[in-house]
Amino acid sequence: MLHGPPGVGKTALVARWAEQGRERFPGGQIYVDFASLRGETAGADVSEAARCCLRSLGVDDACIPASFVDRVRLLRSLSADRRLLIFLDDVSQPGQAAALIPKGRAASSWWPAAAGSGNSSMTAPG
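For the structure given in this document, a descriptive report is provided here. Please read all numbers here as calculations on a predicted model, not as lab measurements. (Residues numbered from 1 in each chain as written. Predicted model: local features only at pLDDT ≥ 70, side-chain atom pairs only at ≥ 80, totals over all residues. Heavy atoms only, no water.)

## Points about the overall build of the protein chain
Stated formally: In this description a helix means any DSSP run of H or I spanning at least four residues, a strand means any run of E spanning at least two, and both kinds are numbered starting from the N terminus. Burial classes: relative accessible area under 20% of the type maximum marks a residue as buried, over 50% as exposed, and values in between as partly exposed (1.4 Å probe, protein chains only). Only the protein chains shown count as cover for residues, with accessible areas throughout obtained via the Shrake-Rupley method and a probe of 1.4 Å.
For the protein chain, the helix and strand inventory stands at 5 helices and 2 strands. In the protein chain, buried positions account for 38% of the 126 residues. With the model as given, the accessible surface of the protein chain reaches about 7000 Å², and the carbon-plus-sulfur share is 52%.

Laid out in structure tokens, this is it:
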């Protein structure tokens, strides 16, 4: 996890790192900007982030489940055997990132990045 005050270059740093390490993630790279997803409904941004991830993996809008639980289940199923970089920008709560972390043997490491508030921290599993 990378966090700090707004405007210090967290997003640029991770974007550059991701570009330079593109070959490490043959399954692709997904970028989700939580700041643009925040709405008035609590939790809506996480459900929409799951939708964004599914779209990035090639799932047609008509096939994306309506419920958050089903979206996460499909995301984890599709990402389980892929080596992906999922870049979650401007995450404000650890639970937002935790719900979107792939499971499976290809998901041995992860790095939720650029939390805007700097008030939370996470420990990578494993």
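## A look at the pattern of salt bridges
How we decide: Definition used for salt bridges: Asp or Glu carboxyl oxygen within 4 Å of a side-chain nitrogen of Lys or Arg.
Going through the model one piece at a time under the given rule, you end up with 7 salt bridges. In this structure, the salt-bridge partner of Asp61 is Arg51, at a minimum N-O distance of 4.0 Å. Of this pair, Asp61 sits in the loop between α3 (44–56) and α4 (68–79) while Arg51 sits in helix α3, and the two are 10 residues apart along the sequence. Its relative accessible area of 45% is what places Asp61 among the partly exposed residues. A residue is classified by how much of its surface remains accessible, and Arg51, at 17% relative accessible area, is buried. Note that Asp61 and Arg55 form a salt bridge whose closest N and O atoms lie 2.7 Å from each other. The network of salt bridges with common partners includes Glu48, Arg51, Arg55 and Asp61.

## Quick word on helix α1 (residues 10–20)
Note: α-helices contain 3.6 residues per turn, so residues at a spacing of three or four share the same orientation. As a reminder, the rule being used: The reported arc concerns the directions from the helix axis to the C-beta atoms and nothing else.
Restricting attention to buried positions, one finds in α1 the residues Lys10, Val14 and Ala18. Buried positions in α1, seen along its axis, are confined to an arc of 60° and lie on one side of it. Within α1, the exposed residues directed more than 90 degrees away from the buried face are Ala12, Arg16 and Gln20.

## Considerations on the side chain of Arg71
Cut-off, in case you're wondering: For the charge count, each Lys or Arg is scored as positive and each Asp or Glu as negative, with His and the chain ends excluded. Any two residues having at least one pair of non-hydrogen atoms within 4.5 Å are treated as being in contact.
Positionally, Arg71 belongs in helix α4. For the buried Arg71, no salt bridge is present, and the opposite-charge side chain at shortest range is Glu48, 4.4 Å distant. Ignoring any residue separated from it by four or fewer positions in sequence, one finds Arg71 in contact with Ser47, Glu48, Ala50, Arg51, Leu54, Ile64, Pro65 and Ala66.

## Some words on the pairing of strand β2 (residues 84–89)
We apply this condition: Any two strands between which DSSP finds at least two bridges are classified as paired.
Burial within β2 is extensive, with 6 of its 6 residues counted as buried. Residue alternation in β2 divides its side chains into two sets, Leu84, Ile86 and Leu88 and Leu85, Phe87 and Asp89, and both sets are buried. Of the pairings in the sheet, the one linking strand β1 (residues 28–33) to β2 comprises 6 bridges and is parallel in character. Looking at the pairing, Val32 lines up with Leu88 of β2.

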